[in-house]
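Chain residues, written in single-letter form:
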Amino acid sequence: MGLLDILLGRTRPVAPDLDRLFALPSAAVTLEAAAGFTATGDGAVCFATVEGAAFERTHREVRALLDADSDRTGPPVELCRDGYGYSWLVSRRSPDRLPQLVGDLHAVNTSMEANGFGPQLLCSLAGFTDDTGRKLALVYLYKRGTFYPFAPLPGGAGRRDSALELQVRAALGDDLRIEPDLGRWFPVWGAPGL
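Regarding the pattern of salt bridges
Counted by the stated rule, this structure contains 7 salt bridges. Residues Arg-160 and Glu-165 are paired through a salt bridge, measuring 3.0 Å at the closest nitrogen-oxygen approach. Taking the relative accessible area as the measure of exposure, Arg-160 reaches 23% and is therefore partly exposed. Residues participating in the shared-partner salt-bridge network are Asp-42, Glu-78 and Arg-92.

Now the structure itself:
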């Protein structure tokens, strides 16, 4: 960082620390104890859609790597696009296999980063639900290196349960690096696995 950057108040972006994803299984224990939410076994990595042979090759490598897992009992890894034009690589595991799901998310992020697609990575999420059917995602912001909770209200009306999100933030503050800027708690409407 140069003197001009300091004088103008510019800062360098936080480097992503993908190893923070491995804190999710212990945070899930806290989440269940504090709010009654358990893992669904669904997770996804979101990235800006990329066209071209290099991305197709990377996508095939990632899918082959994850689908080769002999412990995988669910459907294979799938690629889908949402209504906003973003791509999601979705992994599904049984709900008791959250550490393996986190490994999948880490592998996808790492492979894309290693192949030069780090700037296209947006976020990763793991899905949770409670006994009443409420849904919750713990979202990892790739470019910020932080997590935040996202809790859509049932009915798909584009509303979220802000009180639940704040409750989860308070409960997981010691387990995960929570994004302090609430303005960056972007809704991930229609995210696969949620």
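After that view of the structure, there is still more to cover.
Overview of the environment of Lys-135
Its location among the elements puts Lys-135 in strand β5 (residues 135–141). A relative accessible area of 41% places Lys-135 in the partly exposed class. Sequence-wise, Lys-135 and Pro-152 are 17 residues apart; in three dimensions their C-alpha atoms are separated by 6.6 Å. Apart from the residues lying within four places of it in its own chain, the contact partners of Lys-135 are Phe-37, Phe-128, Phe-150, Ala-151, Pro-152 and Leu-194.

So, the nonpolar core
Core analysis: the biggest nonpolar cluster contains 53 residues, and Leu-31, Trp-88, Phe-128 and Val-188 have the highest contact counts within it. With 7 residues, helix α4 (residues 98–114) is the largest single contributor of residues to this core. If we skip the residues at most four places from it in the chain, Leu-31 touches Gly-36, Phe-37, Phe-128, Leu-136, Leu-138, Val-168 and Leu-172.

Some points on the confidence of the model for the protein chain
Put simply, the protein chain has an average pLDDT of 87, and 88% of its residues get 70 or more. Across the protein chain, the element-wise mean pLDDT spans from 58 in helix α1 (residues 3–8) up to 97 in strand β6 (residues 146–150).

Things to note about the packing of helix α3 (residues 53–67) against α4
Direction vectors running N to C along α3 and α4 enclose 155°, while the axes themselves pass 10 Å from each other. Here α4 runs roughly antiparallel to α3, going by the angle between their axes. Of the two elements, α3 crosses α4, and the hand of that crossing is right-handed. Counted together, Phe-55, Thr-58, Val-62, Leu-65 and Leu-66 of α3 and Asp-104, Ala-107, Val-108, Ser-111 and Met-112 of α4 form the full contact between these two elements. Looking at the contact of α3 with α4 residue by residue, the class counts come to 7 nonpolar, 2 polar and 1 charged.

Structural notes on α3
With 15 residues, α3 extends 21 Å from end C-alpha to end C-alpha; this agrees with the ideal 21 Å at 1.5 Å per step. Buried residues along α3 sit against β1 (38–48), β2 (78–81), β3 (86–92) and α4.

Side note on the packing of aromatic side chains
Centre distance and the angle of the planes are the two values used to describe a pair of aromatic rings. A full pass over the atoms with the stated rule returns 5 aromatic pairs. With a centroid separation of 5.6 Å and an interplanar angle of 85°, the aromatic rings of Phe-55 and Phe-117 are classed as edge-to-face. Of the two residues, Phe-55 is situated in helix α3 and Phe-117 in the loop between α4 and β4 (121–129); the sequence distance between them amounts to 62 residues. The burial state of Phe-55 is the same as that of Phe-117; both residues are buried. Through a chain of ring-to-ring contacts, the aromatic side chains of Phe-47, Phe-55 and Phe-117 assemble into a single cluster.

Considerations on the side chain of Asp-104
Residue position: Asp-104 is located in helix α4. Only 3.0 Å separates the side chain of Asp-104 from the side chain of Arg-93, close enough to count as a polar contact.

Considering α4
Its 17 residues place the ends of α4 24 Å apart at the C-alpha level, agreeing with the 24 Å of an ideal helix rising 1.5 Å per residue. Contacts from the buried residues of α4 go to α2 (24–35), β1, α3, β3 and β4. Trailing α4 by a residue or two, Gly-116 shows a phi angle of about 90°, which is positive.

What counts and how
Here the residue numbering is sequential within each chain, running from 1 through the sequence in written order. Note on the predicted model: pLDDT of at least 70 is required for a residue's local features to be given, and 80 or more for side-chain atom pairs to be given and counted; whole-chain, interface and lining totals, by contrast, use all residues. Remark: hydrogens and water are excluded; side-chain values derive from all non-hydrogen atoms of the structure. The salt bridge definition used is simple: a Lys or Arg side-chain nitrogen within 4 Å of an Asp or Glu carboxyl oxygen. Burial here depends on accessible area, computed with a 1.4 Å probe over protein chains only, as a share of the maximum for the residue type. Under 20% is buried, over 50% is exposed, and the range in between is partly exposed. The way it works is that DSSP assigns letters per residue, a run of H or I at least four long becomes a helix, a run of E at least two long becomes a strand, and they are numbered from the N terminus. Residue contacts follow a heavy-atom distance rule, with two residues in contact if any of their heavy atoms lie within 4.5 Å. The definition of a nonpolar core used throughout is a set of buried Ala, Val, Leu, Ile, Met, Phe, Trp, Tyr and Cys residues joined through side-chain atoms within 4.5 Å. For every residue, the predictor assigns a confidence score, pLDDT, that lies between 0 and 100. Whenever a helix is involved, its axis is fitted only over the stretch in contact; in every case the axis is a line through C-alpha atoms, and angles between N-to-C directions fall within 0 to 180 degrees. These descriptions rest on fixed angle ranges, namely under 35 degrees for roughly parallel, over 145 for roughly antiparallel, 65 to 115 for roughly perpendicular, and the rest for oblique. Here is the rule for handedness: rotate from the far helix to the near one, and if that takes an anticlockwise turn smaller than a right angle the crossing is left-handed, while a clockwise turn gives right-handed. Under the scheme applied, nonpolar residues are Ala, Val, Leu, Ile, Met, Phe, Trp, Tyr, Cys and Pro; charged residues are Asp, Glu, Lys and Arg; polar residues are all the others, including Gly. Residue count minus one, scaled by 1.5 Å, sets the expected span of a helix. Between the rings of Phe, Tyr and Trp (Trp by its six-membered ring), a pair exists once the centres lie within 6.5 Å; its type follows the angle of the planes, with under 30 degrees stacked, over 60 edge-to-face, and the other angles tilted. Each polar contact in these results corresponds to two N or O atoms within 3.5 Å; when the atoms are within protein, one needs to be able to donate a hydrogen and the other to accept it, and residues that are neighboring in sequence are counted only if both atoms are side-chain atoms.

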